[in-house]
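# Descriptive analysis of the structure
Listed here are the chains, written in short residue letters.
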Amino acid sequence: QIKPVFKIQSCDGQVFAVEDWFIQKSKCFSVVLAQMNNLVQPHPLKTSICSFVLVKIIEWCYHHRNEDQDHAQRILTAWDVQFIRTNSAILLHLAEAAFRLEIVGLLDVACRAVSIMLGRTLNEVKLMLRVGGVESPSDEEDSLEDVLELEVDVDENEEDDVEIEIPAISAA
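Residues numbered from 1 in each chain as written. Predicted model: local features only at pLDDT ≥ 70, side-chain atom pairs only at ≥ 80, totals over all residues. Heavy atoms only, no water.

An unreviewed UniProt entry annotates the chain as SKR-21 originating from Caenorhabditis elegans. If you open the UniProt record of the chain and go to Sequence similarities (unreviewed entry), you find "Belongs to the SKP1 family." (UniProt positions renumbered as here; feature names shortened; annotations may be inferred.)

Printed below as a string of structure tokens:
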């Protein structure tokens, strides 16, 4: 069975073709396409996200395409850790774009990386970036040490996944 292909256009005019796994990760696009009632998509869906950041988002969604939406985001693979090793500006753009597109898993990963980079709690970062409501105190990591002790998901089928701590991101 051929999967439908959706076209998404960045703010700088670049068009990307994605499959349903991307749409499923984004609540924003899921709602838009549901409103279209599965009509043929005549024009690309436009975003306010630049192509460089959109490529990173598509890469993250593709890697996590087989995961459940409710997958515990406190568990990170070595791939996620490598993915967030980027400069602080890109990380902030990723968090903002994930918020706009309502990609909860990516938003969580990006905000956790920013919280480590700044030495702040996850709630402080979400409030600072204006990307979400305040979680209950029981859901929040109360200190940087708690954030740094995130369990890393070790998949036995992936040789490159190893237990590591999330590194501090240098402000480049």
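Picking up after the structure, the text goes on.
The helix and strand tally for the chain stands at eight helices and three strands. Beginning at the N terminus, the succession of helices and strands in the chain can be written as β-β-α-α-β-α-α-α-α-α-α. Across the 172 residues of the chain, 42% fall into the buried class. A sequence separation of at least 24 residues applies to 61% of the contacts in the chain between residues at least 6 apart. Summed over all atoms, the accessible surface of the chain reaches about 9,900 Å², with 50% contributed by carbon and sulfur. (Helix = DSSP H or I, 4+ residues; strand = E, 2+ residues; numbered from the N terminus. Buried < 20%, exposed > 50% of the residue type's maximum accessible area, 1.4 Å probe, protein only. Contact = heavy atoms within 4.5 Å. Areas by Shrake-Rupley, 256 points an atom, 1.4 Å probe, with all protein chains shown as cover.)

Okay, the pattern of salt bridges next. In the structure shown here, the tally under the stated rule is two salt bridges. The salt bridge involving E96 is made with R100; its shortest N-O contact spans 2.7 Å. Here E96 and its partner R100 are both found in helix α5 (residues 88–101), four residues apart, which amounts to about one turn of the helix. Note on E96: relative accessible area 36%, which makes it partly exposed. Take R100: its relative accessible area is 39%, and that puts it in the partly exposed class. (Salt bridge = Lys/Arg side-chain N within 4 Å of Asp/Glu carboxyl O.)

Right, let's talk about the confidence of the model for the chain for a bit. Of all residues in the chain, 68% have pLDDT values of 70 or greater, and the mean over the chain is 75. Helix α3 (residues 51–63) holds the highest mean pLDDT among the elements of the chain, 94, whereas helix α8 (residues 144–148) holds the lowest, 38. Contacts of residues 134–172 to residues separated by more than four positions or lying in other chains number 76 contacts, the stretch itself having pLDDT below 50. (pLDDT = per-residue confidence, 0-100.)

Tracing the sequence through the fold places W60 in helix α3. Taking the relative accessible area as the measure of exposure, W60 reaches 2% and is therefore buried. The sequence separation of W60 and K25 amounts to 35 residues, and the corresponding C-alpha distance is 9.9 Å. The contact partners of W60, leaving out residues within four places of it in the chain, are W79, D80, F83, I103, G105, L106 and V109.

A sheet is described by the order of its strands in space; here three strands give the open sequence β2-β1-β3, paired in mixed fashion. Across the chains shown, the open sheet's two edge strands, defined by having one partner strand only, are β2 (15–18) and β3 (45–46). When strand β1 (residues 6–9) meets β2, the two strands line up antiparallel, connected through four bridges. In the strand pairing of β2, I8 is matched with F16. Against the sheet, α3 touches β1 and β2, its axis set at about 10 degrees to β2. (Pairing = 2+ DSSP bridges. Axes fitted to C-alpha atoms, helices over the stretch in contact; angles between N-to-C directions.)

Let us now look at helix α6 (residues 104–118). Between the first and last C-alpha of α6 there are 21 Å, a value that for 15 residues agrees with the 21 Å anticipated at 1.5 Å per step. Most of α6 is tucked away, with 13 of its 15 residues classed as buried. G119, located one to two residues past α6, shows a positive phi value of around 70 degrees. (Expected span 1.5 Å × (residues − 1).)

Each regular strand displays side chains that alternate between the two surfaces of the sheet. Two successive antiparallel strands, β1 and β2, enclose a turn made up of five residues, where G13 displays a positive phi of approximately 90 degrees. As paired elements, β1 and β3 share two bridges and run parallel to each other. What sits directly across from Q9, in β3, is K46.

Its location among the elements puts I57 in helix α3. Given the relative accessible area of 0%, I57 is considered buried. With residues near it in sequence (within four places) discarded, I57 still touches F22, I49, L94, A97, L101, I103 and L106.

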